[in-house]
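Structural description and commentary
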Amino acid sequence: MTIRRTPEDFRVEELVTSAFRASLLPERAPSHPFAAYMLEKVSLATPDAIGFIAREMRVPRTAVSAAGLKDRHAITTQTVTIDTAALRGPPPRTVEGEDWRMTGLGFVPRAAGYEIIAANRFTLVVRSLDKRAADEMVRRASVLADPRPERGGANGPTILFVNYFGDQRFGSNRHGEGWAARALVEGDFETALKLLIGTPARKDSGPTRALTRALANHWGDWNAALAAFGRMPERSAIETLARGGDFKDAFSALPKFTQEICVEAFQSHLWNAI
């Protein structure tokens, strides 16, 4: 039995709330300055897709918002919004790149956020599944929720399955040096910043590799660090320090997504531990 052999074997569809659908207008209005799109992508992580969208539409990365993160190794659909104030003309009906395509939905009053997600629908392809394996799956599923009253008591069946967060949730601790959000709880913004963007990890690649190694080699010498890596969203944090700002200001200058995901990673770690 094989589960998810190819990206096409796993499909994720983001379902939005009825309130979001009701807020859509067909034309832009002062009260609805964000263009909403349905994004379909293949084998592409959501943060990478946001970067490609921003580049294609010639807007700052901060002008593009996604409601949630969707798996890299899959075909996924999700809602994104573009702040039309950053556009040089009317928003196009469709926009596409090599592994992604956006189709316009209308205009909404606010940027996409987690609150517009009602649910996610998943479709998995399982190959080489014979009857014996299928029967075993049914047997194991029945064990996960024991229906015997004496096991569940007045509260119903005993749930035997523990829903842990997977490793893909913990990218902010990929270096194994600690949790940035733990440092935030302690009020140590320097450590939080260093763990997020200044601590190299073996699997770093591309611009991220250049960023983490430049900061590891030049931590404290911000102008030298800036000269060692190129343009990217995290650069504004180091520019803040080079201008004399403190580490709290620098952390606040990081992309909102980077700030939020490190907190969510630590929350997920605590869930698993508890």
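The structure this text deals with has already been given above.
Residues numbered from 1 in each chain as written. Predicted model: local features only at pLDDT ≥ 70, side-chain atom pairs only at ≥ 80, totals over all residues. Heavy atoms only, no water.

**What about the overall build of the protein chain?**
What counts here: Counting from the N terminus, the helices are the DSSP runs of H or I reaching at least four residues and the strands are the DSSP runs of E reaching at least two. Any residue under 20% of the maximum accessible area for its type is buried, any over 50% is exposed, and the rest in between are partly exposed; the area is computed with a 1.4 Å probe on protein chains only. Contacts between residues were defined by any pair of non-hydrogen atoms, one from each residue, lying within 4.5 Å. Residue exposure ignores everything except the shown protein chains as possible cover, and the areas themselves are Shrake-Rupley values with a 1.4 Å probe. By the counting scheme adopted, Arg and Lys are positive, Glu and Asp are negative, and His together with the chain ends is not counted. Charged groups are reduced to one reference atom each: NZ for lysine, CZ for arginine, CG for aspartic acid, CD for glutamic acid.
Within the protein chain one finds 11 helices and 11 strands. With the C-alpha coordinates aligned to their principal axes, the bounding extent of the protein chain is approximately 65 × 50 × 40 Å. When the 274 residues of the protein chain are sorted by exposure, 36% land in the buried category. The contacts of the protein chain with a sequence gap of at least 6 include a subset with a gap of at least 24, amounting to 66%. Of the roughly 16,200 Å² of accessible surface on the protein chain, 52% is carried by carbon and sulfur atoms. Separation between the mean location of the 36 positive side-chain charges and that of the 32 negative ones in the protein chain comes to 2 Å.

**Focus: the pattern of salt bridges**
To be explicit about the condition: The salt bridge criterion pairs a side-chain nitrogen of Lys or Arg with a carboxyl oxygen of Asp or Glu, the two atoms within 4 Å.
For the structure on display, the rule yields 12 salt bridges. Between Asp204 and Arg174 there is a salt bridge, and its shortest N-O distance comes to 2.8 Å. With Asp204 in the loop between helix H6 (189–197) and helix H7 (206–218) and Arg174 in the loop between strand E11 (158–159) and helix H5 (180–185), the pair connects residues that are 30 residues apart, well separated along the chain. Residue Arg231 pairs with Glu239 through a salt bridge whose shortest N-O separation is 3.3 Å. Note on Arg231: relative accessible area 68%, which makes it exposed.

**Concerning a nonpolar patch on the surface**
Stated formally: Patch membership requires more than 30% relative accessible area and the absence of a salt bridge. Residues of like charge join within 9 Å; the nonpolar side chains Val, Leu, Ile, Met, Phe, Trp and Tyr join within 5 Å.
A cluster of nonpolar side chains, contributed by Met1, Ile3, Leu124, Val126, Leu129 and Met137, occupies part of the molecular surface with about 530 Å² of accessible area. Its location among the elements puts Ile3 in strand E1 (residues 2–3). Using a relative accessible area of 47% as the deciding quantity, one classes Ile3 as partly exposed.

**A few points about the side chain of Asp9**
Positionally, Asp9 belongs in the loop between E1 and strand E2 (10–16). According to the relative accessible area criterion, Asp9 is buried, its value standing at 3%. Dropping the residues within four chain positions of it, Asp9 is found in contact with Arg4, Thr123, Leu124, Val125 and Arg127.

**Structural notes on the packing of aromatic side chains**
Heads up, the condition is: Here is the rule: rings of Phe, Tyr and Trp (six-membered ring for Trp) pair when centre to centre is within 6.5 Å. Planes less than 30 degrees apart are stacked, more than 60 are edge-to-face, and the remainder are tilted. In this analysis the charged atom, NZ for Lys or CZ for Arg, is taken to sit over a ring once it is within 6 Å of the ring centre and within 35 degrees of the ring normal.
This model, assessed by the stated rule, comprises seven aromatic pairs. Ring centres 4.9 Å apart and planes at 80° place the aromatic pair Trp219 and Trp222 in the edge-to-face group. On the basis of relative accessibility, which here comes to 12%, the residue Trp222 falls in the buried class. What links up through ring pairs into an aromatic cluster is the set Phe170, Trp179 and Phe266. Residue placement shows Arg235 over the ring face of Phe229; its charged tip is 5.3 Å from the ring centre.

**Considerations on the nonpolar core**
When a protein is soluble and globular, its nonpolar side chains tend to lie buried together. Applied cut-off: Residues belong to a common nonpolar core when they are buried Ala, Val, Leu, Ile, Met, Phe, Trp, Tyr or Cys residues joined through side-chain atoms within 4.5 Å.
Ranked by size, the top nonpolar core spans 23 residues in total, and within it Leu193, Leu196, Ile197, Leu215, Phe229, Ile238 and Leu254 carry the most contacts. Elements with a contribution of two residues or more to this core: H5, H6, H7, helix H8 (222–228), helix H9 (235–242) and helix H10 (247–252). Tallying contributions element by element places H6 first for this core, with five residues. Setting aside residues no more than four positions away along its own chain, Ile197 makes contact with Leu211, Thr212, Leu215, Glu234, Ala237, Ile238 and Leu254. With 19 residues, the next largest nonpolar core counts Ile50, Ile53, Val59 and Val80 among its residues.

**What to know about H9**
Three or more residues of H9 are buried, namely Arg235, Ala237, Ile238, Thr240 and Leu241. Gly244 lies just past H9 and shows a positive phi near 100°.

**Here we look at unusual backbone geometry**
Despite not being glycine, Arg58 has its phi angle at roughly 60°, a positive value. By the element assignment, Arg58 lies in the loop between helix H2 (46–57) and strand E4 (64–66). Here Ser128, not a glycine, exhibits a phi torsion of approximately 55°, which is positive. Within the element layout of this structure, Ser128 appears in the loop between strand E9 (126–127) and helix H3 (131–144). Residue class for Ser128 comes out exposed when judged on its relative accessible area of 57%.

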